[in-house]
Structures are given as C-alpha cells and as structure tokens.
Amino acid sequence: QVQLVESGGGLVQPGGSLRLSCEASGSIASIYAMGWYRQAPGKQRELIARITNGGSTNYADSVKGRFTISRDNAKNTVYLQMNILKPNDTAIYYCNADISPRGIVIPRTYWGQGTQVTVSS
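Participant: Would you mind going over the overall build of the protein with me for this structure?
Facilitator: Regarding its fold elements, the protein presents 0 helices and 11 strands. For the protein, the succession of helices and strands along the chain, N to C, is β-β-β-β-β-β-β-β-β-β-β. Its C-alpha radius of gyration of 14 Å places the protein within 12% of the 14 Å reference for a compact globule of 121 residues. Residue burial in the protein is summarised as follows: out of 121 residues, 42% are buried.

In structure tokens form, the structure reads like this:
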C-alpha cells in the first residue's frame, strides 16, 4: 500500500518560516511529479507548487518568490520551504504525487492526509 505522510506544519507568526516534508512509502516502483496543495476554510483546494521528476517547477502567483519546492528522490520525499509567511497562507497543506506502485504499469495519483499551517500574530 502506497502512502504519503506530511509533517512540519504548525503555528508561526507573520514573516516567519516553516518547512513541510512529505514522505512516500510502501511498494513503489517510480515517482513522477510531486506537488503541494492547500485548502483554506471555505475555499477551494489550490495547487501552490509542483515539481516533475526532471526537476522542473511551477508555483502559484500567490507564493512565487516566497516558497520553494524540492525533492530528495533517494528518500522518496518532497519538501516545501515557506518563507515570509502571511496570514492568508493559513490552510491545510496536502502532498500529492503521481506514483507507479510495484507490479502496476500505469501511475495513479496519491494524496497525503494534510498538515495544518496557521500564520497568526
């Protein structure tokens, strides 16, 4: 069973920083694109950062220049470094990955359980 587990969320003051981690585990053959989404109360889920298995990245305009996505393929882990955090960054952050489980040819999308990020003074 493939699983994604996020960690690193918490409470931080405006202007502060957090680093989120998401580790994929289980019976994995290959991991392709990985990304971070967030969902604030009463709002739709939003893609904020994505990284391909080749290292190409893209960001939502709202976080560009403040957030950095990276990955460690040896650890099956994707990171989101969040700097200069703002109150409207408050949301549940979800990890996403396209993964081919061992024994299955076609990849599918997996989601983590989410980690809460609260930015408040």
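Next comes the rest of the account.
Participant: Help me understand the state of the cysteines in this model?
Facilitator: Here is the idea: a disulfide is a covalent bond, and it sits between the sulfur atoms of two cysteines. A complete count under the given rule lists 1 disulfide for this structure. Here Cys-22 pairs with Cys-95 through a disulfide, and the sulfurs are 2.1 Å apart. Looking down the S-S bond of the Cys-22 and Cys-95 bridge, the torsion is -85°, so its handedness is left-handed. Linking Cys-22 in strand β3 (residues 18-25) with Cys-95 in strand β9 (residues 91-101), this pair joins segments that are 73 residues apart in sequence. For Cys-22, a relative accessible area of 0% puts it in the buried group.

Rules used throughout
The residue numbering used here restarts from 1 in each chain and proceeds along that chain's sequence as written. Since the coordinates come from a predicted model, pLDDT governs what is reported: local features require at least 70, and pairs of side-chain atoms require 80 or more to be given and counted, while whole-chain, interface and lining totals use all residues. Heavy atoms from the whole structure form the basis of all side-chain values; hydrogens and water molecules are not counted. Only DSSP runs of H or I with at least four residues qualify as helices, and only runs of E with at least two residues qualify as strands; both kinds are numbered from the N terminus onward. Only C-alpha atoms enter the radius of gyration, while the globule expectation follows 2.2 Å times N to the 0.38, with N the number of residues. Type-normalised accessible area, obtained with a 1.4 Å probe on protein chains alone, sets the label of each residue: buried when under 20%, exposed when over 50%, and partly exposed for intermediate values. The criterion for a disulfide is a pair of cysteine sulfur atoms lying within 2.5 Å.

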